[in-house]
Each structure stands twice: as structure tokens, then as C-alpha cells.
Amino acid sequence: MEIERILIPSDRLQERVKELAREIDAAIGESRETDLVLVGVLRGAFIFLADLLRALDTPAAVDFIAVSSYGGGTQSSGDIRITQDLTASIRGRDVILVEDIVDSGLTLQALIQHVGVHRPRSLRSCALLSKPDRRVVAIEADWTGFEIPDAFVIGYGLDYAERHRGLPYIAILRAPEASLD
Ligand code: 5GP
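Residues numbered from 1 in each chain as written. Predicted model: local features only at pLDDT ≥ 70, side-chain atom pairs only at ≥ 80, totals over all residues. Heavy atoms only, no water.

Asker: So what's going on with the overall build of the protein chain? Which residues, and what values?
Answerer: If you tally the helices and strands in the protein chain, you get three helices and nine strands. The buried share of the protein chain, reckoned over its 181 residues, is 46%. Looking at the protein chain as shown, the accessible area adds up to about 9000 Å², and 50% of this sits on carbon and sulfur atoms. (Helix = DSSP H or I, 4+ residues; strand = E, 2+ residues; numbered from the N terminus. Buried < 20%, exposed > 50% of the residue type's maximum accessible area, 1.4 Å probe, protein only. Areas by Shrake-Rupley, 256 points an atom, 1.4 Å probe, with all protein chains shown as cover.)

Asker: Could you give an account of the environment of Ile-28, with specific residues and numbers?
Answerer: The residue Ile-28 is located in helix H1 (residues 10-29) in this model. Taking the relative accessible area as the measure of exposure, Ile-28 reaches 3% and is therefore buried. For the pair formed by Ile-28 and Ile-96, sequence separation is 68 residues and the distance between their alpha carbons is 10.0 Å. Excluding residues within four positions of it along the chain, Ile-28 makes contact with Thr-34, Leu-36, Ile-96, Arg-124 and Trp-143. (Contact = heavy atoms within 4.5 Å.)

Asker: Could you give an account of helix H3 (residues 106-116), with specific residues and numbers?
Answerer: Along H3, the residues that are buried comprise Thr-107, Leu-108, Leu-111 and Val-115. Down the axis of H3, the buried set is contained in an arc of 90°. They therefore lie on one face. Summarising the contacts, the buried residues of H3 are in contact with strand E2 (36-42), strand E3 (60-67), strand E4 (82-84), strand E5 (94-102) and strand E6 (122-130). (Arc of directions from axis to C-beta.)

Asker: Which residues make up unusual backbone geometry, and what are the values?
Answerer: Omega for the peptide link from Leu-42 to Arg-43 comes to -5°, which places this bond in the cis form. Located in the positive-phi region is Ala-161, a residue other than glycine, with phi close to 50°. You can see Ala-161 is positioned in the loop between strand E8 (153-154) and strand E9 (170-173). Not every positive phi belongs to a glycine, and His-164 is a case in point at roughly 80°. One can find His-164 in the loop between E8 and E9.

Structure, rendered in C-alpha cells:
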């Protein structure tokens, strides 16, 4: 088994997603002219985005963007590449980037720069998880679900070598060299 322990159980995740949705509704939905687009960062954010969208009262369109990931490992290369771009125009619209986790911060920084070029009316970010101890650039998402310690986590959309995305909770990965299976 590659799981060391459960860090955030499913019911706590669901509760926090609802709280985040209320906060986003309050910040964005009150403006009548809101034209909200949730931009999910593939692939780790797709489950979080699906739950967030359903918890929001504010109507939102959905688009996705994909960035190069860690491959099969657990360390960021620091080399961020957009591998799949937005499909719809976001010019003049209210965009929220939906990220699974902010680790070094390099991905979020690169995405804000990349998406900002398309001239949205507003550009904010919502990350399910954050590892503040690992930050290389001083950046925070506008909304963060949970701050977690420096450990590699899986589940609720997050993978290790494409495994474990379907787990309903966030768990800490057992160090690969210590894995017995
Ligand atoms: P950053 O650019 O902030 O270092 O890394 C962001 C990306 O790295 C995340 O979107 C995610 O894909 C990946 N990542 C960072 N930490 C973890 C982790 O603990 N588990 C998993 N599965 N992916 C992570």
C-alpha cells in the first residue's frame, strides 16, 4: 500500500469546499455583471473543480488549462510548460484559476502571467491545498482550502504516477523506497 496515512478525510474536504464556495460567492457573485469562468489546472484539480462548481451559487463557465507536471517523480523541475491552452476567450471575464496544490508557487506564478495576457476583467486563484514551507516564490492563492506540511500527498484528484486520483480523501504518500508492494 502506498498510503502512509489519511491527512484530510472526505467529510472535511466536502465541508471546506462548501465554505470556499460561500467565500467566492460573497466576493464575486454580488456583482451583477459577473461573468465567471473557472479555469481548472489539469489534471490534479478536476475533482476539486467539479465539487466547487456544484457548491457555488454564482453561475460559472468552465475551461481547463494543462501544464507540464512532475512526470513520475515527486519534485518540481521548475520548468513550467503550458501543454494545453484555454479553449474559450476570457477577455473581459472574471477568471478564477482552480489549482490542486501550491507547492513551490512556480506553476501558479506562471499561470497568472500566462492567463493575464488574455486580459480578463479580474483574475484570482483558488487552491485546495498549499505547502507554505516549500515556497520558492512569494505567492499565495486568493483562496486556499488547507495549509499542509511538507509531504507528498495523493487523492481527491492528485496522483502519484497517475495512481490514486480517485481516493475520496487526501493522504500522505509512503516514501517510494519504503513501499513494500
Ligand atoms: P509548484 O509549481 O507550486 O511547485 O507545483 C504545483 C504542482 O505540483 C501542483 O499543481 C501539482 O500538480 C504538483 N504537486 C505539488 N505538490 C504535490 C503533492 O504533494 N502531490 C501531488 N500529487 N502533486 C503535487
